[in-house]
Every structure is written in C-alpha cells, then in structure tokens.
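Each chain, written out:
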Number of protein chains: 2
Amino acid sequence: MSEKQYYQHHVFFCLNHREEGRPCCADKGAQTAQEHAKKRIKQLDLSGQGKVRINKAGCLDRCEEGPVLVVYPEGTWYTYIDNEDINEIIDVHLVGGKIVERLKI
Amino acid sequence: MSEKQYYQHHVFFCLNHREEGRPCCADKGAQTAQEHAKKRIKQLDLSGQGKVRINKAGCLDRCEEGPVLVVYPEGTWYTYIDNEDINEIIDVHLVGGKIVERLKI
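For chain A, an unreviewed UniProt entry supplies the name (2Fe-2S) ferredoxin domain-containing protein and the organism Noviherbaspirillum saxi.

**Q** Explain the relation of the copies chain B and chain A here, please?
**A** Copy one and copy two of the chain differ by a rotation about an axis and a translation along that axis. Mapping chain B onto chain A leaves a residual RMSD of 0.0 Å; the transformation is a rotation of 180° accompanied by 0.0 Å of translation along its axis. Within this description, the copies of the chain are treated as partners about a two-fold rotation axis. The share of interface residues of chain B whose copies in chain A are also at the interface is 100%, consistent with both copies meeting through the same surface.

**Q** Help me understand the interface of chain B and chain A in this model?
**A** Accessible area lost during the coming together of the parts is what is often quoted as the interface size. Between chain B and chain A, the contact holds 25 residues from the first and 25 residues from the second. Contact between chain B and chain A buries roughly 2,200 Å² in total, counting both sides, with carbon and sulfur atoms accounting for 51%. Our enumeration of links across chain B and chain A arrives at two salt bridges. Taking the shortest distance from any N to any O, the salt bridge between B:Asp61 and A:Arg53 comes out at 3.6 Å.

**Q** Where do I start with the pattern of salt bridges in this structure?
**A** Close approach of charged atoms allows side chains of opposite charge to pair. On inspection of all chains with the given rule, the structure shows 14 salt bridges over all chains. We note a salt bridge from A:Asp85 to A:Arg102, for which the minimum N-O separation is 2.8 Å. A residue pair is termed long-range when its members are at least 10 positions apart, and A:Asp85 in helix α2 (residues 83–95) and A:Arg102 in the segment after α2 qualify at 17 residues. A relative accessible area of 7% places A:Asp85 in the buried class. Residue A:Arg102 is classed as exposed on the basis of its relative accessible area, which comes to 54%. Salt bridges sharing partners connect three or more residues here, namely A:Arg22, A:Asp61, A:Glu64 and B:Arg53.

**Q** Is there a simple way to explain the pairing of strand β3 (residues 68–72) of chain B in this structure?
**A** Two faces, one strand: in a regular strand the side chains alternate between the faces of the sheet. All names here are of chain B. With five of its five residues buried, β3 lies for the most part within the structure. Of the two faces of β3, the one carrying Val68, Val70 and Tyr72 and the one carrying Leu69 and Val71 are both buried. Strand direction decides the pairing type here: β3 and strand β4 (residues 76–79), joined by four bridges, are antiparallel. What sits directly across from Val68, in β4, is Thr79.

So, how was this worked out
- Residues numbered from 1 in each chain as written.
- Chains lettered and ligands numbered in written order.
- Predicted model: local features only at pLDDT ≥ 70, side-chain atom pairs only at ≥ 80, totals over all residues.
- Heavy atoms only, no water.
- Least-squares fit on C-alpha atoms with pLDDT ≥ 70 in both.
- Contact = heavy atoms within 4.5 Å.
- Buried area = accessible area lost by both parts, 1.4 Å probe.
- Salt bridge = Lys/Arg side-chain N within 4 Å of Asp/Glu carboxyl O.
- Helix = DSSP H or I, 4+ residues; strand = E, 2+ residues; numbered from the N terminus.
- Buried < 20%, exposed > 50% of the residue type's maximum accessible area, 1.4 Å probe, protein only.
- Pairing = 2+ DSSP bridges.

Okay, structure coming up:
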C-alpha cells in the first residue's frame with residue numbers, strides 16, 4: 001500500500017447538520033470554512049490529481065470536538081474557528097507539510 | 001505521522017449528484033451501496049473509533065470511473081456494481097486487510 005496517492009492531501013470537512021441536540025459542525029461555520037478552503041486551494045493552483053482535494057463529508061462522528069476536518073492519507077484531525085485557522089492549516093500543513101499542533105485534535 | 005489512526009479504515013462513498021451531463025455516482029446506486037455498507041459494518045460490530053467508519057462524501061472528482069469509494073489511510077480506490085461487490089470490499093479489505101484487485105481503480 002505504498003504506491004503514490006491519487007491526491008497528495010485529501011481533506012474532508014464534516015458538514016453534518018443535526019436537529020436533535022447533539023452539537024454539529026454545520027452550526028459552527030463548517031460550510032463557510034469548506035468553501036473558503038476550496039477557493040483558496042484553487043487560487044493557489046493546488047487543486048487536482050496528485051495535489052489537493054477539498055471535500056464535503058457527512059458526519060465524521062467527532063461532533064463534540066467540532067467543527068472538524070481530517071486530512072488523509074496522513075490521518076490528521078483538526079478543529080478550527082475561522083478562516084484564519086483554515087489558512088494556517090493550508091499554509092503550514094497542505095503546503096508546508098507540517099502539523100499545526102495548535103489546532104490538532 | 002505514524003501514530004495510531006482514529007479510524008483503522010475510514011471509507012468515503014461519493015454520493016454526488018450532477019445535473020449537467022457528466023456522469024455521477026448518485027445515478028449509479030451510490031446511496032444504496034453506502035447504506036448497505038454502513039448497516040453491514042454495524043452488524044459486524046466494526047463501527048467506531050479504532051475500527052471502521054463508513055462516510056458520505058461530496059464529489060470525489062473521479063466521476064467517469066464511478067461509482068467510487070476510497071478507503072483511508074491506505075488510499076485505496078474502488079468501483080463497484082452492487083452489494084456483492086461492497087460485501088467483498090468489506091470482507092477482503094476492511095476485515096481481511098487485503099486489496100480487492102478486481103475492483104480497484
């Protein structure tokens with residue numbers, strides 16, 4: 001399983017919305033953050049095969065720690081507050097290849 | 001980045017629906033397959049942290065090869081036709097740890 005990955009970094013934003021009381025990422029700005037990340041990756045010309053893919057996902061089941069995203073294949077989980085946090089994850093992790101310890105969960 | 005993964009296998013089914021002509025996974029039974037996989041993993045008591053998570057995802061951008069799913073952290077991509085194919089991916093890969101070469105893309 002050591003062959004080249006289709007995407008170098010495949011990022012999944014939990015966009016799940018819950019009605020029944022358990023916290024959900026949708027109520028914490030997940031959609032805005034995902035759209036911002038997708039746009040910024042495109043602006044940086046990092047979109048596509050062999051590079052980065054920003055994806056929407058259903059519930060990643062870490063609701064209480066949300067909003068959350070996960071970066072594969074490395075399997076690094078992050079939470080975030082705003083677009084500045086998203087930019088830091090993009091600049092430091094997706095471009096720079098280093099973990100953003102501050103936001104890691 | 002070698003620490004333990006939150007999920008041993010994190011499976012993302014593309015459920016994207018397109019209107020504009022490009023093929024899409026939603027038109028090829030993706031939702032039924034995702035629901036089947038989720039149910040079967042639960043029946044096998046494989047759901048949860050340290051085990052398996054079956055997720056919904058937006059467009060994974062391999063539309064012409066669809067329907068597609070990807071298993072992380074290994075980054076193995078599969079296509080499938082029906083629930084028998086899904087069962088084979090579950091039994092051979094998620095339980096047995098071997099690639100289903102027949103369905104790999």
